[in-house]
Amino acid sequence: MFVIVGWLVAIGCIFGVYIAHGGNIGVILHALPFEMLTIFGGAIGAMVANNQPKVLKATMKGLGACFKGSKYSKARAMELLALLYDILQKARKEGLMSIEKDVEDPHSSALFQKYPVVGNDHHVTEFVTDYLRMMVSGNLNAHEIESLMDTELETHHHEAHSAAAAIARLAGALPAFGIVAAVLGVVNTMGSVGQPPAVLGGMIGSALVGTFLGILLAYGFAEPLAGLLEQKIDEDGKELQCIKTTLLASMQGYAPQVAIEFGRKVLYSTERPTFSELEAHVKKK
């Protein structure tokens, strides 16, 4: 929603000022379809040639996510920490082997289904159960699991950021293809030097629209989407870091209520519940 609002504000201010100063919007509208086809066709073709299919697929998925609100909130954070608390508390009271069934089949686990917001999130569930399984096996110590977690988070970071990088490269290419469109327009104009000055002026104006559109599309549309996708990816990674910190604190011998406090401190301030809010939520659950 905010993406569309931002675009409308940008377009309204740019073209509003242009018209207010006596600009002829008809020149831009006349050249718009041809210039857009040239710029977008060239940029999209280069993007396809520059990225693997899996990156293109992730980019399309990421673009869709840019137009949706963030799923991360204080309520979700409290659900996640409450889930981790319940799991760790059960393991502390009944032993690690007591959570084996929950780990192997989280979709049938009463613990995970008690918190459907995060319990039905595939990435969260997989990350939690993978490392709980290692904890149950007892073959790895906290330092080894921390190293493995860091490696997985780094892989997740690079894989997720490939989509944002692809959009950023697209933004960098758009002004260049705008120049290509402008040069083609100038070449076309030079072939009509015998025309009256008014006609030549219109043709040159149409050619320059290509440069304008390339820059506008790059810095008004593509670059903001790349930045927004970066922010959403960082939010996603922050939740996994919260899980990592909580589980490692538990492995180092801290009680569940202290372990989730470690995890709470990792969260961004806008989603981080206070100590009393989290405590009240856990007791309520």
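Residues numbered from 1 in each chain as written. Predicted model: local features only at pLDDT ≥ 70, side-chain atom pairs only at ≥ 80, totals over all residues. Heavy atoms only, no water.

Chemist: Sorry, what's going on with the overall build of the protein here?
Modeler: Each helix and strand in the protein was counted, giving 12 helices and 0 strands. Helices (α) and strands (β) of the protein occur, in sequence order from the N terminus, as α-α-α-α-α-α-α-α-α-α-α-α. Each principal axis of the C-alpha atoms in the protein carries an extent, and together these give about 90 × 35 × 30 Å. Each of the 285 residues in the protein was classed as buried or not, and the buried ones make up 40%. Of the contacts made within the protein by residues no fewer than 6 positions apart, 76% connect residues no fewer than 24 positions apart. As displayed, the protein offers around 15,400 Å² of accessible surface, 65% of which is attributable to carbon and sulfur atoms. Distance from the positive charge centre (23 side chains) to the negative charge centre (27 side chains) of the protein: 5 Å. (Helix = DSSP H or I, 4+ residues; strand = E, 2+ residues; numbered from the N terminus. Buried < 20%, exposed > 50% of the residue type's maximum accessible area, 1.4 Å probe, protein only. Contact = heavy atoms within 4.5 Å. Areas by Shrake-Rupley, 256 points an atom, 1.4 Å probe, with all protein chains shown as cover. Lys, Arg positive; Asp, Glu negative; His and termini not counted. Charge placed at Lys NZ, Arg CZ, Asp CG, Glu CD.)

Chemist: Could you clarify how one ought to interpret the nonpolar core in this entry?
Modeler: Side chains of nonpolar character tend, in soluble globular proteins, to be buried together. The biggest cluster of nonpolar side chains holds 38 residues, and the ones touching the most others in it are Ile87, Val128, Leu132, Ile243 and Leu247. For this core, the secondary-structure elements that each account for two or more residues are helix H4 (74-94), helix H6 (110-113), helix H8 (122-137), helix H9 (142-190), helix H10 (197-251), helix H11 (256-266) and helix H12 (275-284). Top element by residues in this core is H4. It accounts for 11 residues. With residues near it in sequence (within four places) discarded, leucine 132 still touches Ile87, Ile99, Val103 and Leu247. (Core = buried A, V, L, I, M, F, W, Y, C linked by side-chain atoms within 4.5 Å.)

Chemist: What is the right way to read the pattern of salt bridges from this model?
Modeler: Oppositely charged side chains are able to pair whenever their charged atoms sit close together. If you walk through the whole model with that rule in mind, you get 11 salt bridges. One salt bridge in this structure joins aspartate 102 and lysine 90, with 2.9 Å as the shortest N-O distance. Here aspartate 102, found in helix H5 (residues 100-104), pairs with lysine 90, found in helix H4; they are 12 residues apart in sequence, far enough to count as distant. A residue is classified by how much of its surface remains accessible, and aspartate 102, at 9% relative accessible area, is buried. Note that glutamate 104 is salt-bridged to arginine 133, the shortest N-O span being 3.2 Å. In this pair, glutamate 104 sits in helix H5 while arginine 133 sits in helix H8, placing the two residues 29 residues apart along the sequence. (Salt bridge = Lys/Arg side-chain N within 4 Å of Asp/Glu carboxyl O.)

Chemist: Just checking my understanding: could you explain the side chain of glutamine 89 for this structure?
Modeler: Residue placement: glutamine 89 occurs in helix H4. Those residues in contact with glutamine 89 that sit more than four places away from it in its chain are Pro256 and Gln257.

Chemist: Looking at this model, I keep getting lost on the packing of H4 against H12. Mind explaining?
Modeler: Close contact between H4 and H12 brings their axes to 10 Å; oriented N to C, the two are set at 60°. For the element pair H4 / H12, the angle class is oblique. In this structure, H4 crosses over H12, and the sense of that crossing is right-handed. Residues Lys74, Met78, Glu79, Leu81, Ala82 and Tyr85 of H4 touch H12, and the partners they reach there are Glu277, Leu278, His281 and Val282. When the residues that make up the contact of H4 with H12 are grouped by side-chain class, the tally is 6 nonpolar, 1 polar and 3 charged. (Axes fitted to C-alpha atoms, helices over the stretch in contact; angles between N-to-C directions. Parallel < 35°, antiparallel > 145°, perpendicular 65-115°, else oblique. Left-handed = near helix turned anticlockwise from the far one by under 90°. Nonpolar A, V, L, I, M, F, W, Y, C, P; charged D, E, K, R; others polar.)

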